[in-house]
Amino acid sequence: MLEVNFSEFFKGKNIIYFKTLDSTQSYALELISKNKPNDKTAILTYNQSKGRGQLGAKWLSEPGENVCLSVVVYPKYLNSDQQFLLSQMSALAVFKFIKEFTQADVKIKWPNDILVNEQKIAGILINNTLQGAKITSTVVGIGVNINQSVFADELPNAISLSALEGRKFDLKEMVISLYESFELFYEMLTSGNHQQIQSMYLNHLFGLNKRRSFTLANSTVIEGVIRGVQQDGRLIVEMSGAFKTFDIRELKTNL
């Protein structure tokens, strides 16, 4: 049952609130196919039963403790080979949001997880629809651990803002702060400040110019140094004096 929140917290924001929902990402994609909502329409719930993560993984979130948000945008000014800009922009928006509430070390883990003290606090899932060489619509799914204190065994490296700061946060206020941070960086993208977005992303990239271990798709563990990210989103890693590039299906950065 849809529950639109008309409180002062969400006034003037295109935020559609559900008490419970299987997946904000799935609902947003369905909404685009049927009604084509306004640009920057957000689907929100605090109780998501079938959250989606990268590469088909599940996003696990304790009911009533965290923010699960998917934002619909129409970046028709971007070509299909510029899709990674949406990932970078979204990661920076969540990065800024997290930094507002903690003095701890916040980093973006390629391609778009957010780490605090090398523990995962947020994840982002981008779903683009293409028509020819253009991106016609995008759903940016964002999950942020806010007040959760205990995590499932399959999430041994997860952390929340509450656990970091030793206090509970008002979820409605957090949603507004997150949404406004997204608006800020989306405006930067629509204004054509692509180089600034790319530069900021690199400045906050976890492991940049540092030797780290990685796991390949075949489970082999290797070592290398992250040297950058290509415009198409492939990670540039220096190994044994040679530069190689990887996509998200080929390589995972170990913590």
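Residues numbered from 1 in each chain as written. Predicted model: local features only at pLDDT ≥ 70, side-chain atom pairs only at ≥ 80, totals over all residues. Heavy atoms only, no water.

Some thoughts on the nonpolar core
- Of all hydrophobic cores here, the largest spans 61 residues; its most connected members are V67, V94, I98, I114, V144, I146 and F182.
- Ranked by size, the runner-up nonpolar core spans nine residues in total, among them A28, L31, I32 and V72. (Core = buried A, V, L, I, M, F, W, Y, C linked by side-chain atoms within 4.5 Å. Buried < 20%, exposed > 50% of the residue type's maximum accessible area, 1.4 Å probe, protein only.)

Things to note about the packing of helix 4 (residues 171–190) against helix 5 (residues 194–203)
- Look at helix 4 against helix 5: their axes get within 7 Å of each other, and the N-to-C directions meet at 130°. Overall, the two elements helix 4 and helix 5 adopt an arrangement that is oblique. Here F185, M188 and L189 of helix 4 lie close against helix 5, whose contacting residues are H194, Q196, I197 and M200.
- When the residues that make up the contact of helix 4 with helix 5 are grouped by side-chain class, the tally is five nonpolar, two polar and no charged. (Axes fitted to C-alpha atoms, helices over the stretch in contact; angles between N-to-C directions. Helix = DSSP H or I, 4+ residues; strand = E, 2+ residues; numbered from the N terminus. Parallel < 35°, antiparallel > 145°, perpendicular 65-115°, else oblique. Contact = heavy atoms within 4.5 Å. Nonpolar A, V, L, I, M, F, W, Y, C, P; charged D, E, K, R; others polar.)

Examining the sheet that holds strand 14 (residues 251–253)
- With antiparallel pairing, five strands are arranged side by side in an open sheet as 13-12-11-10-14. The sheet is open, and its two edges are formed by strand 13 (242–246) and strand 14, each paired on a single side. Sheet twist, expressed as the average angle between the axes of neighbouring strands with direction ignored, equals 50°.
- Pairing analysis gives four bridges linking strand 11 (residues 221–229) to strand 12 (residues 235–239), with the strands arranged antiparallel. Each bridged residue has a counterpart across the sheet, and for V229 the counterpart in strand 12 is L235. (Pairing = 2+ DSSP bridges.)

Topic: the packing of aromatic side chains
- Per the counting criterion, the structure on display carries six aromatic pairs.
- Each ring, one from F101 and one from F169, has its centre 5.8 Å from the other, and the planes form 85°; the classification is edge-to-face. Here F101, found in the loop between helix 2 (84–99) and strand 6 (106–109), pairs with F169, found in the loop between helix 3 (161–165) and helix 4; they are 68 residues apart in sequence, far enough to count as distant.
- By relative accessible area, which is 7% here, F169 ends up buried.
- Both rings, one in F182 and one in Y186, keep their centres 6.0 Å apart while their planes meet at 15°; by these two values the pair is stacked. In this pair, F182 and Y186 are both assigned in helix 4, four residues apart and thus about one turn of the helix distant.
- Residue Y186 is classed as buried on the basis of its relative accessible area, which comes to 4%.
- Three or more aromatic residues joined by ring pairs make a cluster, and in this case those are F97, F101 and F169.
- Stacked on the ring of Y74, the Lys or Arg K36 has its end atom at 5.4 Å from the ring centre. (Phe/Tyr/Trp six-rings, centres within 6.5 Å; stacked < 30°, edge-to-face > 60°. Lys NZ or Arg CZ within 6 Å of the ring centre and 35° of its normal.)

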